[in-house]
Amino acid sequence: SMRLTPVVGPTPSQLQVTYQPLPELAHPVLDTVARGTDGKLYHARQVNGVWGNFNPVTLSSPQLRFESDPALIASGPDQLELAAVTSTGQLAYAHWRSGYWSNSTTLSTGAFLPSGYQGGQVSIVASAPGQVEIVAVGRNGNLWHLRRVNGTWQPPYQFNVQFLYMAGVAPFRS
């Protein structure tokens, strides 16, 4: 139970309250990225309640196609981070800065993940300024963690999920 105790000492006769939204010049913006029937990714933006057209996301290779949906996060004012698994099992990444998609790359599985990525949903989070964390499911059913710190991709880390197999839990799937 909660008990109130009387105030001891002088109390103000009036409380002054102010409210100021931060940031003061914030514009209501909503972004979405969708996979088209052609397997390409498209970006649309809603500004002040009005949706713009869907436009192609500029990626490192215009031939990239996707069979699963992308993951999109806002990492700061007018900054977006995008990750998706291509139909060939590569992890595609791009970021939005100053009104444009750039820094697009595909993380080739041949260099460090011989089995590639499963064509399922990926998870992405901006954990600090200039740092992005991505978790994707490998074709072998294991989880892989990829990290970009200050523009440099770190070596991927494979989660040890063998204890789940022993417990009779199937490999991870999206």
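This text goes with the structure placed above it.
Cut-off values and rules
- Residues numbered from 1 in each chain as written.
- Predicted model: local features only at pLDDT ≥ 70, side-chain atom pairs only at ≥ 80, totals over all residues.
- Heavy atoms only, no water.
- Pairing = 2+ DSSP bridges.
- Helix = DSSP H or I, 4+ residues; strand = E, 2+ residues; numbered from the N terminus.
- Axes fitted to C-alpha atoms, helices over the stretch in contact; angles between N-to-C directions.
- Contact = heavy atoms within 4.5 Å.
- Salt bridge = Lys/Arg side-chain N within 4 Å of Asp/Glu carboxyl O.
- Buried < 20%, exposed > 50% of the residue type's maximum accessible area, 1.4 Å probe, protein only.
- Phe/Tyr/Trp six-rings, centres within 6.5 Å; stacked < 30°, edge-to-face > 60°.
- Core = buried A, V, L, I, M, F, W, Y, C linked by side-chain atoms within 4.5 Å.

Glancing now at the sheet that holds strand 6 (residues 79–85). The four strands are arranged 5-6-7-8 in an open sheet whose pairing can be described as antiparallel. The sheet is open, and its two borders are formed by strand 5 (71–76) and strand 8 (100–107), each paired with just one other strand. Adjacent strand axes in the sheet meet at a mean angle of 20° when their direction is disregarded. One ladder, built from six bridges, connects strand 7 (residues 91–97) with strand 8; its direction is antiparallel. Bridge pairing in strand 8 places Leu 91 opposite Leu 107.

For the rest of this paragraph, the subject is the environment of Ser 123. When you line up the elements, Ser 123 lands in strand 9 (residues 123–128). When the C-alpha atoms of Ser 123 and Ala 136 are compared, they prove to be 6.6 Å apart, with 13 residues separating the residues in sequence. When sequence neighbours within four positions are dropped, the list of residues in contact with Ser 123 reads Glu 133, Ile 134 and Val 135.

Side chains that differ in charge, positive against negative, can pair when their charged atoms come close. Under the definition given, this model contains six salt bridges. In this structure, Glu 81 engages Arg 97 in a salt bridge whose closest nitrogen and oxygen atoms are separated by 2.7 Å. Of the two residues, Glu 81 sits in strand 6 while Arg 97 sits in strand 7, which places them 16 residues apart along the sequence. In this structure Glu 81 comes out as buried when scored by relative accessible area, which is 1%. We note a salt bridge from Glu 133 to Arg 147, for which the minimum N-O separation is 2.9 Å. Of the two residues, Glu 133 is situated in strand 10 (residues 131–137) and Arg 147 in strand 11 (residues 143–149); the sequence distance between them amounts to 14 residues. Taking the relative accessible area as the measure of exposure, Arg 147 reaches 32% and is therefore partly exposed.

Moving on, we come to the packing of aromatic side chains. On inspection of all chains with the given rule, the structure shows two aromatic pairs. Seen from their ring centres, Tyr 93 and Trp 153 are 5.2 Å apart, and the 85° between their planes marks the pair as edge-to-face. Pair noted here: Tyr 93 is in strand 7 and Trp 153 is in strand 12 (residues 152–153), with a separation of 60 residues, a long-range link.

What tends to happen in soluble globular proteins is that the nonpolar side chains get buried as a cluster. Residues Leu 91, Val 122, Ile 124, Ile 134 and Leu 146 are the most contacted members of the largest nonpolar core, which totals 14 residues. Among the elements that line this core, the one with the most residues is strand 10, at three residues. In this structure, Leu 41, Leu 64, Phe 66 and Trp 101 belong to the second largest nonpolar core, which totals 13 residues.

A separate point is unusual backbone geometry. Phi angles above zero are rare outside glycine, and Asn 48 is one such case at about 50°. Inspection of the secondary structure assignment puts Asn 48 in the loop between strand 2 (41–47) and strand 3 (50–51). Here Asp 78, not a glycine, exhibits a phi torsion of approximately 55°, which is positive. The topology assignment puts Asp 78 in the loop between strand 5 and strand 6. Judged by its relative accessible area of 37%, Asp 78 is partly exposed.

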